[in-house]
Amino acid sequence: MINGKLKRDEVAAATELGYIFTFLLGVLLLTMFSLWAYEIETATRERWNVNAIQSNLDDLAAAVERADEASRIGSIEYAEKVTWRLTEADESRLTLTLTDTTIELYHEGGDLDTNVSISGTGAGTHQGSVLLAGATSIWVVHSDGVTSIQYDRPQSEKQA
C-alpha cells in the first residue's frame, strides 16, 4: 500500500487553463480566417458577375449599333447572334429591354439593374424585351424598319 500525503498543487491547474485558453484562441483565429476567406470569395464572385453582365450588355449594344448601321443602307434585313455569357445571377429574374436609346437590364430584386446607351441612329425604331431564363444567345434583328432583340434566329420569308 502506498502511503502519501495529499499536496495542494496549483501549477497543474494553471497549465490546464493555459491549454484551454490557447485552444480558444486558436478557434477564434480560425473562425476569423474562415470569415475573411468567405468574404473575399463572395466579393470576387459578385465582381465577376457584374463584369460578365456588363460585357454581355456591351456586346448587345455593339450588335445593335451594327444593325443600325445596316438599316441606314436602305431596305435591308440584318440579323446577328450574340452569345450570352453565364452569370451567377438567377437569370429567371432578369429581363432585357431594348429602347431607342438604351439597352436596359431589369432585375426583380433591383440589385443588378443597369443599362447601356446606344446611339439610336438607325433608320427605324428599336423595340423588344427578353426574359433571360435559360437564354444562351440573343438575336439582334433589323427587319421592316424595326431593330429588335429576340430569342430565336429569324427565318427568311423568301422561299427557294
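Bear in mind the structure is a predicted one, so any value in this text is a computation, not a measurement.

> Which residues make up the side chain of H126, and what values go with them?
Relative to the assigned elements, H126 resides in strand β5 (residues 125–127). Taking the relative accessible area as the measure of exposure, H126 reaches 7% and is therefore buried. Within polar-contact distance, the side chain of H126 engages the side chain of D68 at 2.8 Å. Contacts of H126, omitting those with residues within four sequence positions, involve V64, D68, L98, T99, D100, I118, G120 and T147.

> How would you explain the nonpolar core if you had to name every residue and give the values?
Within the largest apolar cluster, 24 residues are counted, with the highest numbers of intra-cluster contacts made by L60, L96, I103, L132 and V140. Of all elements in the fold, only α1 (11–71), β2 (94–98), β3 (102–107) and β7 (137–143) reach the threshold of two or more residues within this core. Here this core takes 7 residues from α1, the largest share from any one element. If near-sequence neighbours (up to four positions away) are discounted, I103 is found in contact with L57, L60, A61, V64, L96, T97, L98, T114, N115, V116 and I118.

> Give a description of the confidence of the model for the protein chain that names residues and reports values.
Residues at a pLDDT of 70 or more form 96% of the protein chain, whose mean pLDDT is 88. No element of the protein chain has a lower mean pLDDT than β5, which averages 91, and none a higher one than strand β1 (residues 78–83), which averages 94.

> Can you tell me about the pairing of strand β8 (residues 146–150), naming the residues and giving the values?
Bridge count for β5 against β8 is 3 bridges, and the pairing is parallel. If you follow T125 over to β8, its bridge partner there is V146.

> Lay out the pattern of salt bridges in plain terms, naming residues and giving numbers.
Throughout the structure, instances matching the rule amount to 5 salt bridges. As a salt-bridge pair, D59 and R85 come within 2.8 Å of each other at their nearest N and O atoms. Note that D59 is positioned in helix α1 and R85 in the loop between β1 and β2, a separation of 26 residues in sequence. D59 gets classed as partly exposed once you look at its relative accessible area, which sits at 29%. In this structure, the salt-bridge partner of E108 is R93, at a minimum N-O distance of 3.6 Å. In this pair, E108 sits in the loop between β3 and β4 (114–117) while R93 sits in the loop between β1 and β2, placing the two residues 15 residues apart along the sequence. Through salt bridges that share partners, E41, R45 and E88 make up one connected network.

What counts as what
- Residues numbered from 1 in each chain as written.
- Predicted model: local features only at pLDDT ≥ 70, side-chain atom pairs only at ≥ 80, totals over all residues.
- Heavy atoms only, no water.
- Helix = DSSP H or I, 4+ residues; strand = E, 2+ residues; numbered from the N terminus.
- Buried < 20%, exposed > 50% of the residue type's maximum accessible area, 1.4 Å probe, protein only.
- Polar contact = N/O pair within 3.5 Å; in protein donor to acceptor, adjacent residues only side chain to side chain.
- Contact = heavy atoms within 4.5 Å.
- Core = buried A, V, L, I, M, F, W, Y, C linked by side-chain atoms within 4.5 Å.
- pLDDT = per-residue confidence, 0-100.
- Pairing = 2+ DSSP bridges.
- Salt bridge = Lys/Arg side-chain N within 4 Å of Asp/Glu carboxyl O.

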